[in-house]
Amino acid sequence: MFLNLLDKLISPYLCIKTRLKKLRRYDFEVSRYYGNSLFKVLDLKLKYHYKNLTPFEISKEYQRKFPKKKHLYLYGETPLRVYEMMASRWDLGSNDRFTELGAGTYRGGLFLTSFFQCDYVGVEWLQEYAKFAMQLKKMHKLKPFTIICDDLFNVDLKDSNFIYLFGTCLKKDEIQTLCQKFSKECRASNIITVSFPLSDYSTDFITLDQMLLEFEFGLTTVYLQRVKC
Ligand SMILES: C[S@@+](CC[C@H](N)C(=O)[O-])C[C@H]1O[C@@H](n2cnc3c(N)ncnc32)[C@H](O)[C@@H]1O
């Protein structure tokens, strides 16, 4: 009873706080990144497309199709500043292929190709996200920008030298399966994970670098690792 009341009092406050935080982040992104006119147009089209049904709601709808699988996946986005920090610190450039496992709305890919000219591959199983990214790709003749609408576990990673996984909701056995895949297919790649190092799940990996960065849910560590020689 008391907890319910407390919840009712605190919820609106938290809601306003989250909205203000999002607005501040968007202001920051506009001033820092909208000088790049291609990215500005792409990002505004993305915002407009998702203005009624947000990526979070689309993800929730999708999860409802699997009522038996509780907590199938929680959607979350990597802030542009985090992509920028990773790309600059770890020298992402035009000779690199960056594969994002679970690409969401492909905002990260649009950002990385506009600012760092890398070859980008985004794997995402939600058709709604992939379909609109495909339209943007066609409209703006984006290349190299590859959209793969599939389960990330099925995709061949051999040609990518950067792999990015923001998979904080993956289960232990899924991360272990991915570790086996990385060990086989990514022997010379830079593998980036959010919140956990692969060495927590397998002895095959060595952490080369790490950064504490601000995500929507707060500060967390991003790890750069490789398969041990
Ligand atoms: C936490 S979101 C991250 C989105 C984006 N990478 C970012 O950082 O902004 C994870 C995304 O992975 C997708 N995803 C989860 N499991 C997947 C799977 N097995 N195959 C393909 N996509 C998956 C989800 O639909 C969601 O869009």
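What you are looking at is a predicted structure, and each value in this text was computed from that prediction instead of being measured.

Draft legend 1. Fine view of the overall build of the protein. Scanning the protein from N- to C-terminus turns up 7 helices and 7 strands. Put simply, the protein runs from its N terminus to its C terminus through helices and strands in the order α-α-α-α-β-α-β-α-β-β-α-β-β-β. For the protein, the C-alpha radius of gyration of 18 Å lies close to 17 Å, the compact-globule estimate for 229 residues. With respect to the three principal axes, the spread of C-alpha positions in the protein is 55 × 40 × 35 Å. For the protein, buried positions account for 27% of its 229 residues. The contacts of the protein with a sequence gap of at least 6 include a subset with a gap of at least 24, amounting to 65%.

Draft legend 2. Fine view of the sheet that holds strand 2 (residues 119-123). Strand order in this open sheet of 7 strands is 3-2-1-4-5-7-6, and the pairing throughout is mixed. The open sheet terminates on both sides in strands that have one partner only, identified here as strand 3 (145-148) and strand 6 (205-215). Recorded for the sheet is a direction-independent mean angle of 15° between the axes of neighbouring strands. Here strand 1 (residues 97-101) pairs with strand 4 (residues 162-165) via 4 bridges, running parallel. If you follow Thr99 over to strand 4, its bridge partner there is Ile163. Its contacts with the sheet put helix 5 (residues 107-116) on strand 1, strand 2 and strand 3, and the angle it makes with strand 2 is roughly 175°.

Draft legend 3. A look at the packing of helix 4 (residues 80-89) against helix 5. Packing of helix 4 against helix 5 brings their axes to within 10 Å, and their N-to-C directions diverge by 45°. Regarding the angle of helix 4 to helix 5, the classification is oblique. The two elements helix 4 and helix 5 meet at a crossing, and its hand is right-handed. Side by side, helix 4 and helix 5 meet where Leu80, Tyr83 and Ala87 of the first sit next to Gly108, Phe111, Leu112 and Phe116 of the second. The class makeup of the residues in the contact of helix 4 with helix 5 is 6 nonpolar, 1 polar and no charged.

Draft legend 4. Layout of the nonpolar core. Among the nonpolar cores identified, the biggest contains 41 residues, and Phe98, Leu112, Ile163, Tyr164 and Ile192 are the most heavily contacted of them. Ignoring any residue separated from it by four or fewer positions in sequence, one finds Tyr164 in contact with Phe98, Glu100, Leu101 and Ile192.

Draft legend 5. Main features of the site of the ligand. Around the ligand, the structure places 19 residues, and the nearest of them are Thr78, Gly102, Gly104, Trp125 and Leu152. Grouping the amino acids of the shell around the ligand by side-chain chemistry returns 9 nonpolar, 6 polar and 4 charged.

Draft legend 6. Quick look at the packing of helix 2 (residues 37-49) against helix 5. Two elements in contact, helix 2 and helix 5, have axes whose closest approach is 9 Å; the angle formed by their N-to-C orientations is 170°. In terms of axis orientation, helix 2 runs roughly antiparallel to helix 5. Taken together, the residues of helix 5 that come into contact with helix 2 (itself represented by Leu38, Phe39, Leu42, Asp43 and Leu46) are Arg107, Leu110, Phe111, Ser114 and Phe115. When its residues are assigned to classes, the contact of helix 2 with helix 5 shows 7 nonpolar, 1 polar and 2 charged.

Draft legend 7. Local environment of the domain arrangement of the protein. Domain boundaries assigned for the protein yield domain 1 (1-33) and domain 2 (80-227). Spacing between the C-alpha centres of domain 1 and domain 2 amounts to 28 Å.

Draft legend 8. The environment of Phe182, seen in detail. Looking at the element boundaries, Phe182 is found in helix 7 (residues 172-185). Phe182 sits 22 residues away from Asp204 along the chain, and the two C-alpha atoms are 9.3 Å apart. Those residues in contact with Phe182 that lie beyond four places of it in its chain are Ile191 and Val227.

Draft legend 9. Expanded view of unusual backbone geometry. Between Lys143 and the following residue, Pro144, the backbone shows a cis peptide bond with an omega angle of -5°. Relative to the helices and strands, Pro144 resides in the loop between helix 6 (127-139) and strand 3. For Tyr106, which is not glycine, the phi dihedral falls at a positive 75°. Counting through the fold element by element, Tyr106 comes out in the loop between strand 1 and helix 5.

Reading guide: rules and limits
Residues numbered from 1 in each chain as written. Predicted model: local features only at pLDDT ≥ 70, side-chain atom pairs only at ≥ 80, totals over all residues. Helix = DSSP H or I, 4+ residues; strand = E, 2+ residues; numbered from the N terminus. Rg over C-alpha atoms; globule rule 2.2 N^0.38 Å. Buried ≥ 20, exposed ≤ 12 C-beta atoms within 10 Å, placed from the backbone. Contact = placed C-beta atoms within 7 Å. Pairing = 2+ DSSP bridges. Axes fitted to C-alpha atoms, helices over the stretch in contact; angles between N-to-C directions. Parallel < 35°, antiparallel > 145°, perpendicular 65-115°, else oblique. Left-handed = near helix turned anticlockwise from the far one by under 90°. Nonpolar A, V, L, I, M, F, W, Y, C, P; charged D, E, K, R; others polar. Core = buried A, V, L, I, M, F, W, Y, C linked by C-beta atoms within 7 Å. Near = placed C-beta within 6 Å. Domains from an automatic or database assignment.

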